[in-house]
Number of protein chains: 4
Amino acid sequence: MANPRYSRELTALLVIDPYNDFISEGGKIWDRIRAVAEANECVAHMLQILNAARRAELRVFYALHRRYRPGDYETWTYIAPIQKAAWQRKTFEYGTWGGEIRPEFVPKPGEIVAAEHWCSSGFANTDLDLLLKKHGIHQLIVIGLIAHTCVESTVRFAAELGYEVTVVRDATADYSGEAMHAALDLNIPNYASAILRTEEIVAAISAL
Amino acid sequence: MANPRYSRELTALLVIDPYNDFISEGGKIWDRIRAVAEANECVAHMLQILNAARRAELRVFYALHRRYRPGDYETWTYIAPIQKAAWQRKTFEYGTWGGEIRPEFVPKPGEIVAAEHWCSSGFANTDLDLLLKKHGIHQLIVIGLIAHTCVESTVRFAAELGYEVTVVRDATADYSGEAMHAALDLNIPNYASAILRTEEIVAAISAL
Amino acid sequence: MANPRYSRELTALLVIDPYNDFISEGGKIWDRIRAVAEANECVAHMLQILNAARRAELRVFYALHRRYRPGDYETWTYIAPIQKAAWQRKTFEYGTWGGEIRPEFVPKPGEIVAAEHWCSSGFANTDLDLLLKKHGIHQLIVIGLIAHTCVESTVRFAAELGYEVTVVRDATADYSGEAMHAALDLNIPNYASAILRTEEIVAAISAL
Amino acid sequence: MANPRYSRELTALLVIDPYNDFISEGGKIWDRIRAVAEANECVAHMLQILNAARRAELRVFYALHRRYRPGDYETWTYIAPIQKAAWQRKTFEYGTWGGEIRPEFVPKPGEIVAAEHWCSSGFANTDLDLLLKKHGIHQLIVIGLIAHTCVESTVRFAAELGYEVTVVRDATADYSGEAMHAALDLNIPNYASAILRTEEIVAAISAL
């Protein structure tokens, strides 16, 4: 598998769900992903990559999960299990600290935030595909959370929609090593053209 | 053309862009649609239909255009003419009166507001289709603005996506009689199963 | 409105529905569009543009309506008026001459034919968007039939999906001058960045 | 997790890729899935469920992978790894036995075959969502191949699009027990409301 050749015109960084609830001490989900995230230094790596992308003037996009608001889901006839869980936990509750982006990852002017997604894919029922096309982007470097749900779904959708995808294996995390392995070693290799480590992608971005 | 048979389970009202900028005295676009809107009593009719739907406990959905925010469009490589115009005029500017929904049309609890759309179709790059499906809806009664742009595009998309559409001819308006005629008499009849007057749709809804 | 700057990498020609039923003497719909099509020499112009695109090695895509097959629509609960008409007339019947592409427009090897569409937009429920992205295309030059239905819906969808669109005004046709006018002068100018004549687009393509 | 309540009006069976290349002795992929498929009697179960659905007059839909045709992929600028593999192997080659549906699974009149998909999801770039909506379907019972690619992607897309999904665990198969486990036990439980065994789903269908 030859790595994609990135370019400032065609390549963007996609940051998935850098909410406090996921990646900050005290977040609602942090305790469930801490073991994996600390072992692979996920948050530090995400930040290194974001900073490298900003320095290289690569376009940066954000795919964010629906922040829970009162009334959400209440009238739905059909609801997926992962949505039931989000409803129960009020994950990323709007107006709370947990539903805010961890400070180092707050989008800067000129960076693009897609509409919030209701399930796992950053593309489903959002303007992410539109906004990527409006900027001429065809290649995505994907970092963020959680590997086997939002990251994998976003990668599967990206491939189905025609994008060339790179996933950074130590800039994501999961509930267990088994779930990480399933996402990164069994499934995503079918859809992502490259699965790199942070130092590799930072080197590639910095060389642009 | 036999009219659709509506039901509380399958039918929803879809209100398109009831912003002050469109339908309130002093709105940025009001002067351009006033002639048609006053001649057919568009706003009063929209309100009659909304009230009838609420009384009948029909589901109500809102499709809203992107409210202009600083930074919008600035980085886009590709932009459609109608988006250039929205950018120039700052239509529905976020945080201003023009970008607020006209008070009588403000969504009530239990009514569903789809993500904002960037162009004309309430379905494109939004969660409108998802939210309709989550509620089991297959039939749409469409009212709002503007006939030959947002209304027609939303109707075309609705038909393409499999919905059965009714448009209310005196609960929409346009820049000119010619544009209204093109939308209501030439184009929409291909995609909407019924094009009714307010009194007809109010009667049908009230009989549920 | 400045014209788009075309390029071999980013621009493709999109040919819509060049079926015998539409544009050949004896086709099921030909008699209804003949007056407009003969007045503006639609078919000759379509061919000139296709040939210019082929000479310039521009990518050529085809958006084709569902060719009627026995069983189509029979089990559907919901059907749009334009689909009822297609069902009744068995337009573009599969296996018949009317459902064949007019010989001069038959795709050549390396040209891309999208999956058939069920209503009017070449993008809806097909792989057209995917196949354009797989080839890196962002700009479309649109020719073919019928102006106020398939052409306009395809243009509206293209703009919603982020493409930059050019329509060629004398390489399309319609049932009436009024319907042509509605499509080309009232509606499409909102979504297409340029509306050119055949000689203009042929000159632009030939200069690549 | 309470099981969905199925109904003839709202529920359909979705059969994924019952091609000879997958599930018939001598098929190009059969040897790779044989171990799992024989251990759980996948093919016999798929047939039991299809027959039960036919007897109960449940709607049956088919999601089929692109059958390889000469020229496919050759001009693409961007291609996912799973598509490269399909290209290399000429999986489901059009016009060959491997690209035919295994005889017991050939669609009957009134059963609906969606347009072929290019990657893994039966929904992506096809008319599957449209055809389900045209029939009023909101619940899917999913069987077929391969668990961690086409089945899982189709289930993820179905959930994102708003459908309520049931997967039948012994009516699918995979390259390894590990891949089956990742699909059925780690990932799909987030998106499918129920994961049943064949005898359970046959009982539920037969009770309709």
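Computed from a prediction, not measured in an experiment: that's the story for all the values here.

Student: Please clarify how the overall build of chain A should be interpreted in this entry.
Tutor: In terms of regular secondary structure, chain A is built from eight helices and six strands. The N-to-C order of helical and strand elements in chain A reads β-α-α-α-β-α-β-α-β-α-β-α-β-α. In terms of C-alpha radius of gyration, chain A reaches 16 Å, essentially the compact-globule figure of 17 Å for 208 residues. Its C-alpha atoms give chain A principal-axis dimensions of roughly 45 × 35 × 35 Å. In chain A, which comprises 208 residues, the proportion classed as buried is 67%. Sequence separation of 24 or more characterises 80% of the internal contacts of chain A that already satisfy a separation of 6 or more. Here chain A displays about 7,100 Å² of accessible surface, and carbon together with sulfur accounts for 50% of that area. Averaging the positions of the 21 positive and the 26 negative side-chain charges in chain A gives two centres separated by 3 Å.

Student: What should I look at first to understand the relation of the copies chain A and chain D in this one?
Tutor: The pair of chain copies shares a relation made of a rotation about an axis and a shift along it. For these two chains of identical sequence, chain A goes onto chain D by a turn of 180 degrees and a shift of 0.0 Å along the axis, with RMSD 0.0 Å. One copy is carried onto the other by what is essentially a two-fold rotation axis. Considering only C-alpha atoms, the residue of chain A closest to the rotation axis is Ala-182 of chain A, which sits at 2.9 Å. Both copies contact each other with a shared surface, as 100% of the interface residues of chain A are interface residues in chain D too.

Student: Is there a simple way to think about the sheet that holds strand β4 (residues 139-144) of chain D in this case?
Tutor: Whether parallel or antiparallel, the strands of a sheet pair through hydrogen bonds between backbone atoms. Residues and elements named next belong to chain D. In space, the six strands of this open sheet follow the order β3-β2-β1-β4-β5-β6, with parallel pairing throughout. Each edge of the sheet is formed by a strand with only one pairing partner; in this case those strands are β3 (112-113) and β6 (194-196). Pairing analysis gives five bridges linking β4 to strand β5 (residues 164-172), with the strands arranged parallel. Among the inter-strand pairings, Gly-144 is bridged to a residue of β5, identified as Thr-172. Strands in contact with helix α3 (residues 42-55) are β1 (11-16), β2 (59-63), β4 and β5; relative to β5, the strand with the most contacts, it is inclined by about 135 degrees. Contacting β1, β4 and β5, helix α6 (residues 147-161) crosses the sheet at an angle of about 165 degrees to β5.

Student: Explain the packing of α6 of chain D against helix α7 (residues 177-187) of chain D here, please?
Tutor: The relative placement of two packed helices comes down to the angle between their axes together with the axis-to-axis distance. Residues and elements named next belong to chain D. For the pair α6 and α7, the least separation of the axes is 9 Å and the interaxial angle reads 20 degrees. Judged by the angle between their axes, α6 and α7 are roughly parallel. Between α6 and α7 lies a crossing whose hand is left-handed. Between α6, through Ala-147, His-148, Glu-152 and Arg-156, and α7, the contact on the second element is made entirely by Ala-179, Met-180, Ala-183 and Asn-187. Tallied by class, residues from the contact of α6 with α7 come to four nonpolar, two polar and two charged.

Student: Teacher, can you tell me more about helix α6 (residues 147-161) of chain B here?
Tutor: The α-helix advances 3.6 residues per turn, and as a result positions three or four apart in sequence lie on the same side. Residues and elements named next belong to chain B. Its 15 residues give α6 an end-to-end C-alpha distance of 19 Å, which sits within 8% of 21 Å, the value for a rise of 1.5 Å per residue. α6 sits mainly inside the fold: 15 of its 15 residues count as buried. Just past α6, the residue Gly-162 takes up positive phi, approximately 105 degrees.

Student: Would you mind showing me how to read the side chain of Arg-54 of chain C here?
Tutor: Residue and element names in this part refer to chain C. On the secondary structure map, Arg-54 appears in helix α3 (residues 42-55). Only 2.7 Å separates the side chain of Arg-54 from the side chain of Glu-111, close enough to count as a polar contact. Other than its neighbours up to four places away in sequence, Arg-54 contacts Tyr-62, Glu-104, Val-106, Pro-107, Lys-108 and Glu-111.

Student: Explain the pairing of strand β4 (residues 139-144) of chain A to me, please; I cannot follow it from the model alone.
Tutor: The two faces of the sheet receive side chains in turn, since in a regular strand these alternate between them. Residues and elements named next belong to chain A. Taking burial as the measure, the six residues of β4 include six buried ones, the bulk of the element. Of the two faces of β4, the one holding Gln-139, Ile-141 and Ile-143 and the one holding Leu-140, Val-142 and Gly-144 are both buried throughout. As defined by bridge partners, strand β1 (residues 11-16) adjoins β4 across six bridges and the pair is classed as parallel. Within β4, the residue paired with Leu-13 across the bridge is Ile-141. Taking the sense of rotation as the criterion, the β-α-β connection linking β4, helix α6 (residues 147-161) and strand β5 (residues 164-172) turns out right-handed.

Student: Would you mind showing me how to read the interface of chain A and chain D here?
Tutor: Interface size is commonly expressed as the accessible surface area that is lost when the partners come together. Taken together, the contacts link 34 residues of chain A with 34 residues of chain D. Carbon and sulfur atoms supply 52% of the area buried between chain A and chain D, which totals about 2,900 Å² over both sides. When the buried area of chain A at its contact with chain D is split by residue, Tyr-78, Arg-156 and Glu-160 of chain A rank highest and sum to 24% of it. For the salt bridge of Arg-156 of chain A with Glu-152 of chain D, the shortest nitrogen-to-oxygen distance reads 3.1 Å. The tally of links from chain A across to chain D stands at 20 residue pairs in polar contact (both at pLDDT 80 or more).

Student: Can you walk me through helix α2 (residues 30-39) of chain D in this structure?
Tutor: All names here are of chain D. Taken together, the buried positions of α2 are Trp-30, Ile-33, Val-36 and Ala-37. Looking down the long axis of α2, one finds its buried residues gathered within 135 degrees of arc, a one-sided arrangement. Seen from the open side of α2, the exposed residues pointing more than 90 degrees away from its buried face are Asp-31, Ala-35 and Ala-39. Each element contacted by the buried residues of α2 is listed here: α1 (20-23), α3 and α7. After α2 finishes, the residue Glu-41 shows a positive phi value of roughly 55 degrees.

Calculation notes
- Residues numbered from 1 in each chain as written.
- Chains lettered and ligands numbered in written order.
- Predicted model: local features only at pLDDT ≥ 70, side-chain atom pairs only at ≥ 80, totals over all residues.
- Heavy atoms only, no water.
- Helix = DSSP H or I, 4+ residues; strand = E, 2+ residues; numbered from the N terminus.
- Rg over C-alpha atoms; globule rule 2.2 N^0.38 Å.
- Buried < 20%, exposed > 50% of the residue type's maximum accessible area, 1.4 Å probe, protein only.
- Contact = heavy atoms within 4.5 Å.
- Areas by Shrake-Rupley, 256 points an atom, 1.4 Å probe, with all protein chains shown as cover.
- Lys, Arg positive; Asp, Glu negative; His and termini not counted.
- Charge placed at Lys NZ, Arg CZ, Asp CG, Glu CD.
- Least-squares fit on C-alpha atoms with pLDDT ≥ 70 in both.
- Pairing = 2+ DSSP bridges.
- Axes fitted to C-alpha atoms, helices over the stretch in contact; angles between N-to-C directions.
- Parallel < 35°, antiparallel > 145°, perpendicular 65-115°, else oblique.
- Left-handed = near helix turned anticlockwise from the far one by under 90°.
- Nonpolar A, V, L, I, M, F, W, Y, C, P; charged D, E, K, R; others polar.
- Expected span 1.5 Å × (residues − 1).
- Polar contact = N/O pair within 3.5 Å; in protein donor to acceptor, adjacent residues only side chain to side chain.
- Right-handed = clockwise from strand over helix to strand, strands pointing away.
- Buried area = accessible area lost by both parts, 1.4 Å probe.
- Salt bridge = Lys/Arg side-chain N within 4 Å of Asp/Glu carboxyl O.
- Arc of directions from axis to C-beta.

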